[in-house]
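Below, each chain spelled out in residue letters.
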Amino acid sequence: MGAVSRTTATERKTESVGTDAGEARITWLPAKRARLVLAVSHGAGGGIEARDLQALAAVLPGRRVTVALVEQPWRVAGKKLAPAPRTLDTGWRGLWPALKAPGLPVVSGGRSAGARVACRTAAELGARAVLALSFPLHPPGKPEKSRADELLGTGVPTLVVQGGRDPFGRPEEFPPGEHGLVEVPYADHGFAVPKKAPLTQDQAMDDLAGAVAEWLDGLS
């Protein structure tokens, strides 16, 4: 990937948003002459410091995409365990007016559990598209417990970005559908790549951010 514009820490701004599931938080990384908002939330085991979310936050504002890093109420409250899916959906719905406030189309996204939330709520909220990072197609070792219906039912353009060795669903396990699928070779569920892999961690994140940027370019 060629040279990219990167935001600085001073450009971030934080907004607290009350929802029926509790107080949530948005960290905004605004783009100049923005054409889209990409709202992405974390998974059930981590926060917005996840490497894939931070890679997108570093690159996309330079591509005229405002990034909104969303922390669900349970995370803001300091809890260690995520609540039931319906509660996550309630939090996401409560955040939506704030995400739409800039007056731009909103791409709904997230990693892992956050990707499931984005898929489940996209149509009702009027999302422009869905970005599913590390979509947990099934629990590890239990392919029979598929969540493919969530992914296939978004009703909007959808891109899945999946690690090549993700135990929650390798790229070749995904069913055919209208969604796009980008593989990050050698990466696990957190997009970590082994040190012996023929690409570095930085290269993997550059490839991920580049693929998402290209897909977003095609939406507008």
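To start, this report covers the structure provided alongside it. (Residues numbered from 1 in each chain as written. Predicted model: local features only at pLDDT ≥ 70, side-chain atom pairs only at ≥ 80, totals over all residues. Heavy atoms only, no water.)

Secondary structure summary: the protein chain contains six helices and eight strands in total. In terms of overall dimensions, the protein chain is globule-like: its C-alpha atoms have a radius of gyration of 16 Å, near the 17 Å expected for 220 residues. For the protein chain, with 220 residues in total, the buried portion stands at 52%. In the protein chain, once contacts between residues fewer than 6 apart in sequence are set aside, the share between residues at least 24 apart is 63%. Here the protein chain holds 27 positive side-chain charges and 23 negative ones, and the gap between their average locations is 4 Å. (Helix = DSSP H or I, 4+ residues; strand = E, 2+ residues; numbered from the N terminus. Rg over C-alpha atoms; globule rule 2.2 N^0.38 Å. Buried < 20%, exposed > 50% of the residue type's maximum accessible area, 1.4 Å probe, protein only. Contact = heavy atoms within 4.5 Å. Lys, Arg positive; Asp, Glu negative; His and termini not counted. Charge placed at Lys NZ, Arg CZ, Asp CG, Glu CD.)

Describing an aromatic ring pair means giving the distance of the ring centres and the angle of the ring planes. Evaluated as defined, the whole model comprises two aromatic pairs. For the ring pair Trp92 and Trp96, a centre distance of 6.4 Å and an interplane angle of 55° mean the geometry is tilted. Residue Trp92 and its partner Trp96 are located together in helix α3 (residues 85-100), separated by four residues, close to a single helical turn. (Phe/Tyr/Trp six-rings, centres within 6.5 Å; stacked < 30°, edge-to-face > 60°.)

Looking at the element boundaries, Ser112 is found in the loop between β5 (106-111) and α4 (113-125). Other than its neighbours up to four places away in sequence, Ser112 contacts Gly43, Leu133, Ser134, Pro136 and His189.

On to the side chain of Gln72, then. The topology assignment puts Gln72 in the loop between β4 (65-71) and α2 (73-76). Among residues more than four places away in sequence, those in contact with Gln72 are His42, Leu88, Gly91 and Trp92.

From the geometry alone we can't say anything about function, so treat these as descriptive.
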